[in-house]
Amino acid sequence: MGEISLTLNQGHGFAISVAIFSAFVCTWAGFKVGAARKKYGVKYPTMYAPEGHKNEKEFNCIQRAHQNVLENYPAFLMLLLISSLNRPYYAAACGMY
């Protein structure tokens, strides 16, 4: 087996920073759901507002947005990692977009 070597440059730091700061987006979305639970009166462990709830649409939109972030986060991190191996500046720029 041959050796595999990886040389990190300054651009990789930008890609790593994007990965770290993207965790704050997940946390922010979670806080938004918590605030919406309090505002609309949806108690735990119910994931979505029950059918017929007066604010069903509003709460469910916020909850679904958070679920969407969580569902796509692993793919985002993997694509960021793979693309940053050869093009770290482009990967960081696209990750911020």
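Anyway, here's the lowdown on the structure attached to this text. What you see is a predicted model; the values in this text were computed from it and never measured.

Here we look at helix H1 (residues 10-40)
Part 1 of the reasoning: Here H1 is 31 residues long and its end C-alpha atoms lie 46 Å apart, about the 45 Å a rise of 1.5 Å per residue gives.
Part 2 of the reasoning: Those residues of H1 lying buried are Gly11, His12, Ala15, Val18, Ser22, Cys26, Ala29, Val33, Ala36, Arg37 and Tyr40.
Part 3 of the reasoning: Its buried side turned inward, H1 meets helix H2 (56-86) and helix H3 (88-96).
Part 4 of the reasoning: You can read the cap of H1 off the contacts: a side-chain oxygen lies 2.9 Å from the backbone nitrogen of Gly11, and it is on Asn9.
Part 5 of the reasoning: Just past H1, the residue Gly41 takes up positive phi, approximately 70 degrees.

Some details on unusual backbone geometry
Part 1 of the reasoning: Residue Tyr44 is joined to Pro45 through a cis peptide bond whose omega torsion reads 0 degrees.
Part 2 of the reasoning: As for its placement among the helices and strands, Pro45 is situated in the loop between H1 and H2.

Observations regarding the packing of aromatic side chains
Part 1 of the reasoning: What the rule picks out here adds up to 3 aromatic pairs.
Part 2 of the reasoning: Taking 5.9 Å as the distance between ring centres and 45 degrees as the angle between the ring planes, the aromatic pair formed by Phe14 and Tyr89 counts as tilted. Of this pair, Phe14 sits in helix H1 while Tyr89 sits in helix H3, placing them 75 residues apart in sequence.
Part 3 of the reasoning: Seen in terms of ring centroids, Tyr73 and Phe76 are 6.4 Å apart; in terms of plane orientation they differ by 25 degrees. Their pairing is stacked. Separated by 3 residues within a single helix, Tyr73 and Phe76 lie in helix H2, roughly one turn from each other.
Part 4 of the reasoning: Residue Phe76 is classed as partly exposed on the basis of its relative accessible area, which comes to 26%.

Details of the nonpolar core
Part 1 of the reasoning: Grouped together as the largest cluster of nonpolar side chains are 6 residues: Val33, Ala36, Tyr40, Val42, Ala49 and Phe59.
Part 2 of the reasoning: Looking at this core, the element that brings in the most residues is H1, giving 3 residues.
Part 3 of the reasoning: Leaving out residues up to four positions away in the same chain, Val33 has contacts with Phe59, Ile62, Gln63 and His66.

Reading guide: rules and limits
- Going along each chain's sequence as written, the residues are numbered from 1 onward.
- Selection of residues for local features in this predicted model requires a pLDDT of at least 70, selection of side-chain atom pairs for listing and counting requires 80 or more, and totals for whole chains, interfaces and linings are taken over all residues.
- Side-chain measures were taken over the full set of non-hydrogen atoms in the model, leaving aside hydrogen atoms and water.
- Going along the chain from the N terminus, every DSSP run of H or I of four or more residues is numbered as a helix, and every run of E of two or more is numbered as a strand.
- Take the number of residues in a helix, subtract one, and multiply by 1.5 Å to get its expected span.
- Buried means the residue's accessible area, taken with a 1.4 Å probe over protein chains only, is under 20% of the maximum for its type, while exposed means over 50%, and partly exposed covers the values in between.
- Contacts are assigned to residue pairs with any non-hydrogen atoms lying within 4.5 Å of each other.
- In protein, a polar contact means a hydrogen-donor-capable atom and an acceptor-capable atom, both N or O and within 3.5 Å, with residues adjacent in sequence counting only if both atoms are side-chain atoms; elsewhere, any N or O pair within 3.5 Å suffices.
- Two rings from Phe, Tyr or Trp (for Trp, the six-membered ring) form a pair when their centres are within 6.5 Å of each other. A pair whose planes differ by under 30 degrees is stacked, one over 60 is edge-to-face, and the rest are tilted.
- Only buried Ala, Val, Leu, Ile, Met, Phe, Trp, Tyr and Cys residues count toward a nonpolar core, and they belong to the same one when joined by side-chain atoms within 4.5 Å.

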